[in-house]
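Residue strings, one per chain:
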Amino acid sequence: IIEQMAHRTVPLHVTLWTLFNIVPVAGMALLMPLLFWHIHLTPSGFRDSSEPADPNILPDQAVAETPPHAAERTPAEKIEQSPWITVLLVLMGLGYLYTRIRSGTFSMDLNMMIFFLLMIGWVLHGTPIRYMKAFHEGGRAAGPLLLAYPIYGGILGLIRDTGLADWFAQLFVSFSTAHTLPFWSYVSANVITLFVPSGGGHWAVQGPIMVKAALRLGASLPKTAMAVAFGEQTANLVQPFWALAIVSIGGLSVREMMGYCLLALAIAFPLFALSLLVF
């Protein structure tokens, strides 16, 4: 967008390798460990388990995957717990990849990436039943946020096509100066991200407005662009899509970590805001 509107590119030394970016990142690296060290649970605060856990078996799989006698397994149970089924599926997948490569139709697009991840999952879990239950556990933790994605898509369309995002961003631009535009871009980005949580979608909505305003006011284009990115990232602390894999692996819910995310936001928001005003 900057290249199209300003007819020049923005190199890394005026975005990532600047004091307004390095200082708050360093501040986060210092303050966040201190914060969580201060509020971490003592050993007595953790949930206790009287039985040793098998790292290869999820808690709700212990009974299903370890029947008392192998002879008591039904044919269906033997199939779903057989690693040979996984071997067969992986070989079929490799055969498909070989055919695509040999025919010259192989392309590392989004669908192929999903296929690769599916194959890797089969290999790492070993048996069909373990993979199925891992999917179930992950889906249970991620379900509420996955359901929100279509809704966010609709909100993005409404905000973009009705001009609401333009109006909101222009509201902040109206009382900005060349010095304060990055700061107000950052503040407005935090609000807009609550409705448009996608980084790319957010920049597509707010980016052109802020770049145009920076050109009109003579503000720093790199800092203004980075301010929008800062706002998108700090607001993600209250919309932790990035944590779906973590909560799934840890057996947590997003609700259990939201308090910690808000504490992190209380540190991150003023750090980046002050940095945009000072440097």
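Look up: the structure comes first, before these words.
Residues numbered from 1 in each chain as written. Predicted model: local features only at pLDDT ≥ 70, side-chain atom pairs only at ≥ 80, totals over all residues. Heavy atoms only, no water.

A. Local environment of the packing of helix α9 (residues 181-193) against helix α10 (residues 199-217). Relative orientation of the contacting elements α9 and α10 amounts to 165°, with a least axis distance of 11 Å. Relative to α10, the element α9 lies roughly antiparallel. Once α9 is placed against α10, the crossing between them reads as right-handed. Between α9, through Leu181, Ser185, Ser188, Ala189, Ile192 and Thr193, and α10, the contact on the second element is made entirely by His202, Gln206, Met210, Ala213, Ala214 and Leu217. Split by residue class, the contact of α9 with α10 holds seven nonpolar, five polar and no charged. (Axes fitted to C-alpha atoms, helices over the stretch in contact; angles between N-to-C directions. Helix = DSSP H or I, 4+ residues; strand = E, 2+ residues; numbered from the N terminus. Parallel < 35°, antiparallel > 145°, perpendicular 65-115°, else oblique. Left-handed = near helix turned anticlockwise from the far one by under 90°. Contact = heavy atoms within 4.5 Å. Nonpolar A, V, L, I, M, F, W, Y, C, P; charged D, E, K, R; others polar.)

B. Representation of the packing of α9 against helix α11 (residues 221-235) in the model. One can describe the packing of α9 onto α11 by two numbers: an axis separation of 7 Å at closest approach and a directional angle of 30°. Our pair here, α9 against α11, has a crossing hand that is right-handed. Residues Leu181, Pro182, Ser185, Tyr186, Ala189, Asn190 and Thr193 of α9 form the contact with α11, whose participating residues are Lys223, Thr224, Ala227, Val228, Phe230, Gly231, Glu232, Thr234 and Ala235. Across the contact of α9 with α11, the residue classes tally to eight nonpolar, six polar and two charged.

C. Spatial organisation of the side chain of Ser176. Position of Ser176 among the secondary structure elements: in the loop between α8 (164-173) and α9. Ignoring sequence-local partners within four residues, the contact set of Ser176 consists of Leu181, Trp184 and Leu217.

D. Main features of helix α5 (residues 83-103). Counted at 1.5 Å a residue, the expected span for α5 with its 21 residues is 30 Å, and the 30 Å between its end C-alpha atoms agrees. Considered for burial, the residues of α5 that qualify are Thr86, Val90, Gly93, Leu97 and Arg100. Taken around the axis of α5, the buried residues stretch over an arc of 80°, which confines them to a single face. For α5, the exposed residues set more than 90 degrees away from the buried face come down to Trp84, Leu91, Met92, Tyr98 and Arg102. Taking the backbone nitrogen of Trp84 as reference, a side-chain oxygen 3.2 Å away marks Ser82 as the first, capping residue of α5. Phi for Gly104, located one or two positions after α5, is positive at around 80°. (Expected span 1.5 Å × (residues − 1). Buried < 20%, exposed > 50% of the residue type's maximum accessible area, 1.4 Å probe, protein only. Arc of directions from axis to C-beta. Polar contact = N/O pair within 3.5 Å; in protein donor to acceptor, adjacent residues only side chain to side chain.)

E. Region of interest: the packing of aromatic side chains. The full count for this structure, using the stated rule, is 10 aromatic pairs. With centroids separated by 6.4 Å and ring planes inclined at 70°, the aromatic side chains of Phe20 and Phe230 adopt a geometry described as edge-to-face. One end of the pair, Phe20, is in helix α2 (residues 19-39); the other, Phe230, is in helix α11, and 210 residues separate them in sequence. A relative accessible area of 7% places Phe20 in the buried class. For the pair Tyr96 and Phe115, a centre-to-centre distance of 5.4 Å together with 70° between the ring planes defines the contact as edge-to-face. Highlighted residues: Tyr96 in helix α5 and Phe115 in helix α6 (residues 110-125), separated in sequence by 19 residues. Put simply, the rings of Phe20, Phe230 and Phe272 touch in pairs and so form one group of aromatic residues. (Phe/Tyr/Trp six-rings, centres within 6.5 Å; stacked < 30°, edge-to-face > 60°.)

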